[in-house]
Amino acid sequence: IVINGKNKYMINGHTAQQEQVKNLFHSVQLNVNNPHFLIMQGRITKVLNMNPMEILGMIEEAAGTRMFETKKQAALKTMEKKQQKNDEIDRVLTEEITPTLEKLRMEKGNYLTYMANE
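Residues numbered from 1 in each chain as written. Predicted model: local features only at pLDDT ≥ 70, side-chain atom pairs only at ≥ 80, totals over all residues. Heavy atoms only, no water.

1. Looking at the overall build of the protein
Of regular secondary structure, the protein possesses four helices and four strands. Beginning at the N terminus, the succession of helices and strands in the protein can be written as β-β-β-β-α-α-α-α. Among the 118 residues that make up the protein, the fraction classed as buried is 8%. In the form shown here, the protein has an accessible surface area of approximately 10500 Å², with 58% of it arising from carbon and sulfur atoms. (Helix = DSSP H or I, 4+ residues; strand = E, 2+ residues; numbered from the N terminus. Buried < 20%, exposed > 50% of the residue type's maximum accessible area, 1.4 Å probe, protein only. Areas by Shrake-Rupley, 256 points an atom, 1.4 Å probe, with all protein chains shown as cover.)

2. Let's talk about the pattern of salt bridges
One pass over the structure, following the stated rule, counts four salt bridges. The closest approach of N and O atoms between Arg-105 and Glu-102, which form a salt bridge, is 3.1 Å. Of this pair, Arg-105 and Glu-102 both sit in helix 4 (residues 65-117), three residues apart, which is roughly one turn of that helix. The network of salt bridges with shared partners includes Glu-88, Arg-91, Glu-95 and Glu-96. (Salt bridge = Lys/Arg side-chain N within 4 Å of Asp/Glu carboxyl O.)

3. Quick notes on the confidence of the model for the protein
Residue-level pLDDT values for the protein average 81, and 80% of them are 70 or greater. The weakest mean pLDDT in the protein belongs to strand 1 (residues 2-3) at 58; the strongest belongs to helix 4 at 93. (pLDDT = per-residue confidence, 0-100.)

4. What to know about a positive patch on the surface
Taken together, Lys-77, Lys-81, Lys-82 and Lys-85 make up a surface patch of like positive charges. Note on Lys-82: relative accessible area 51%, which makes it exposed. (Patch = residues over 30% accessible without salt bridge, like charges linked within 9 Å, V, L, I, M, F, W, Y side chains within 5 Å. Lys, Arg positive; Asp, Glu negative; His and termini not counted. Charge placed at Lys NZ, Arg CZ, Asp CG, Glu CD.)

5. So, a nonpolar patch on the surface
A contiguous nonpolar patch, built from Tyr-111, Leu-112, Tyr-114 and Met-115 and spanning about 450 Å² of accessible area, is present on the exposed surface. Take Tyr-111: it is sitting in helix 4.

6. A look at helix 4
For helix 4, spanning 53 residues, the distance from its first C-alpha to its last is 74 Å, which sits close to the expected 78 Å at 1.5 Å a residue. Considering bend angle alone, the principal kink of helix 4 is centred on Leu-93 and spans about 40°. (Expected span 1.5 Å × (residues − 1). Bend = angle between axes of the 7 residues up to and from the residue.)

In structure tokens, the structure reads:
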């Protein structure tokens, strides 16, 4: 409650200090530092007019799950880059290294046969 420009906190109708209110919310693992934790009186109309995706985004941010979604997307992007590098390595191995290795093995066999006949 704001009275004369000052915040007044109440728990169950009794005046409380800001720290007591924070401790109450922290005791049930709610993050009071999140900007969407509480909806102020003037913003309720804006929230009511939000589309479902905006409401979902606000809830995700308030619950703290958006941070994990961002990390998940970054991890997926990293995994995709690593898979592309793996695919490129497999291609080089199959198309370039293996044929060259087979050719060298044949040359080695021919050389050993030549040296044995000498």
